[in-house]
Amino acid sequence: MPSNIKIRINGARNLPIMDRALLTGALTTDAYVTVSLGGHKNWIEHHHVRGEERVFQGKTGVVKKTLNPIWNEEFRFEVSDDTVLQNEPLIFKVWDNDNYKADSCVGMVYVDLNPLLMRAAGSTKVEE
């Protein structure tokens, strides 16, 4: 059964210091978030198909020079097969954007969607 997943990324608080400004000595982070569902081996562009597996991905903009970034960004994934929702976690990764070296992963969260699917299935049952 097809499903629409709506994800809102509001912000983060108290991120670790990832950057030290040479001139000012400021201690900050240039943060962004990636969100993915399905096929978690490589980060690729939004909505690619890898074999039979559908990959859904999004990326927020970079919020520079703060440990408390606010994004207020929304992503929608149209998932045609619910087994992706049952078998794959939703993964959020917070990154520090770097201009002269590879971006650093600040942290990540895996969200199991099964409890939400079970709750949604229970609320749509018709009483007999």
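### Notes on the overall build of the chain
Then step 1. Secondary structure assignment for the chain yields 2 helices and 9 strands.
Then step 2. The helix and strand sequence of the chain, counted from the amino end, reads β-β-β-β-β-β-β-α-β-β-α.
Then step 3. When the 128 residues of the chain are sorted by exposure, 31% land in the buried category.
Then step 4. Of the contacts made within the chain by residues no fewer than 6 positions apart, 61% connect residues no fewer than 24 positions apart.

### Digging into the pattern of salt bridges
Then step 1. Counted according to the given criterion, the structure contains 3 salt bridges.
Then step 2. We note a salt bridge from K6 to E74, for which the minimum N-O separation is 3.8 Å. Taken together, the positions of K6 in strand β1 (residues 3–11) and E74 in strand β7 (residues 70–79) put the pair 68 residues apart, joining distant regions of the chain.
Then step 3. Given the relative accessible area of 35%, E74 is considered partly exposed.

### Section: the pairing of strand β4 (residues 31–37)
Then step 1. Where burial is concerned, most of β4 is hidden: 7 out of the 7 residues are buried.
Then step 2. Of the two faces of β4, both are covered, the one formed by A31, V33, V35 and L37 as well as the one formed by Y32, T34 and S36.
Then step 3. Relative to strand β8 (residues 90–96), β4 is paired through 7 bridges, and the arrangement is antiparallel. Bridging across to β8, V33 finds its partner in V94.

### Re unusual backbone geometry
Then step 1. Here the phi dihedral of K65 falls at roughly 55 degrees; this positive angle occurs in a residue that is not glycine.
Then step 2. As for its placement among the helices and strands, K65 is situated in the loop between β6 (53–59) and β7.
Then step 3. Given a relative accessible area of 66%, K65 falls into the exposed group.
Then step 4. For N72, which is not glycine, the phi dihedral falls at a positive 50 degrees.
Then step 5. Here N72 shows up in strand β7.
Then step 6. A residue is classified by how much of its surface remains accessible, and N72, at 41% relative accessible area, is partly exposed.

### Some points on the confidence of the model for the chain
Then step 1. For the chain, mean pLDDT is 81; residues scoring 70 or higher make up 77% of the total.
Then step 2. The least confident element of the chain, judged by mean pLDDT, is strand β5 (residues 48–50) at 49; the most confident is β8 at 95.
Then step 3. Throughout residues 41–52 the model reports pLDDT below 50, and contacts reaching past four residues in sequence, or to other chains, amount to 27 contacts.

Cut-offs used in this document
- Residues numbered from 1 in each chain as written.
- Predicted model: local features only at pLDDT ≥ 70, side-chain atom pairs only at ≥ 80, totals over all residues.
- Heavy atoms only, no water.
- Helix = DSSP H or I, 4+ residues; strand = E, 2+ residues; numbered from the N terminus.
- Buried < 20%, exposed > 50% of the residue type's maximum accessible area, 1.4 Å probe, protein only.
- Contact = heavy atoms within 4.5 Å.
- Salt bridge = Lys/Arg side-chain N within 4 Å of Asp/Glu carboxyl O.
- Pairing = 2+ DSSP bridges.
- pLDDT = per-residue confidence, 0-100.

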